[in-house]
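Architecture and fold: a report
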Amino acid sequence: MTDDLKPCPFCGGGITTIEGGGQTWRGVNGYSDPQFYHLRHFGKLSETDDFPRCFVEFRCRTEAEAIAAWNTRADTTTWNAAIRAAAEAMVAIGADRPLTEETLLALLKEEKE
Ligand SMILES: [Zn+2]
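Now for a quick tour of the structure. (Residues numbered from 1 in each chain as written. Predicted model: local features only at pLDDT ≥ 70, side-chain atom pairs only at ≥ 80, totals over all residues.)

Along the backbone of the chain there are three helices and three strands. Along its sequence from the N terminus, the chain presents helices and strands in the succession β-β-β-α-α-α. Sequence separation of at least 24 residues holds for 39% of the intrachain contacts in the chain that already meet a minimum separation of 6. (Helix = DSSP H or I, 4+ residues; strand = E, 2+ residues; numbered from the N terminus. Contact = placed C-beta atoms within 7 Å.)

Listing the buried residues of helix α1 (residues 63–71) in full gives A66, I67 and W70. Down the axis of α1, the buried side of the element spans an arc of 95°, and every buried residue falls inside it. Against β1 (15–21), β2 (36–43) and β3 (54–60) lie the buried residues of α1. (Buried ≥ 20, exposed ≤ 12 C-beta atoms within 10 Å, placed from the backbone. Arc of directions from axis to C-beta.)

A few words now on the pairing of β2. Both faces of the sheet carry side chains from a regular strand, because those side chains alternate between them. The pairing of β1 with β2 spans seven bridges and is antiparallel. For G20, the partnering residue across the bridge sits in β2 and is Y37. Both β2 and β3 contribute to a ladder of seven bridges, which runs antiparallel. Counterpart to G43 in the pairing with β3 is C54. (Pairing = 2+ DSSP bridges.)

With that settled, the discussion passes to the nonpolar core. Membership of the largest hydrophobic core is limited to five residues, which are Y37, L39, A66, I67 and W70. Secondary structure elements with two or more residues in this core: β2 and α1. When residues in this core are grouped by element, the largest group, three residues, is from α1. If near-sequence neighbours (up to four positions away) are discounted, Y37 is found in contact with I18, G20, R59, C60, T62, E63 and A66. (Core = buried A, V, L, I, M, F, W, Y, C linked by C-beta atoms within 7 Å.)

What follows is about the sheet that holds β3. Spatial strand order, β1-β2-β3: three strands in an open sheet with antiparallel pairing. A strand with exactly one partner marks an edge of an open sheet, and here the two such strands are β1 and β3. Each strand axis lies, on average, 15° off the axis of its neighbour in the sheet, ignoring direction. (Axes fitted to C-alpha atoms, helices over the stretch in contact; angles between N-to-C directions.)

The next point concerns the environment of G43. Secondary-structure assignment places G43 in strand β2. Along the sequence, G43 and F10 sit 33 residues apart, while their C-alpha atoms lie 8.7 Å from each other. Not counting residues within four places of it along the chain, the set of residues in contact with G43 comprises C8, C11, G13, G14, P52 and C54.

Take C8: it is sitting in the segment before β1. Along the primary structure C8 and H41 are separated by 33 residues, whereas in three dimensions their C-alpha atoms are 8.5 Å apart. When residues no more than four places from it in sequence are discounted, the contact partners of C8 are G13, G14, H41, G43 and C54.

Here it is in structure tokens:
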């Protein structure tokens, strides 16, 4: 079912796995069905990264929910355009302000006005 996963919008690749967890031993009946599904993603943000810096990890009740949650994130075109606009705005002001969430939101607000 991991074939149904869309590529990561941040690193574009990496490794994404979904594993069942929380099974209990029921003796002669073996293990119970998984109680949850754990999605983990690791990817590199640049070719020079020695370690994966792109992490996503969450749990869902079913594997289908985990796939749906992974596949229904923000549209990457809009997201990438917003990041690019913020980066260009940072360069335009000389990047003398620290890059914080507040700075980015202020820059995006200025962009709209
Ligand atoms: Zn990624």
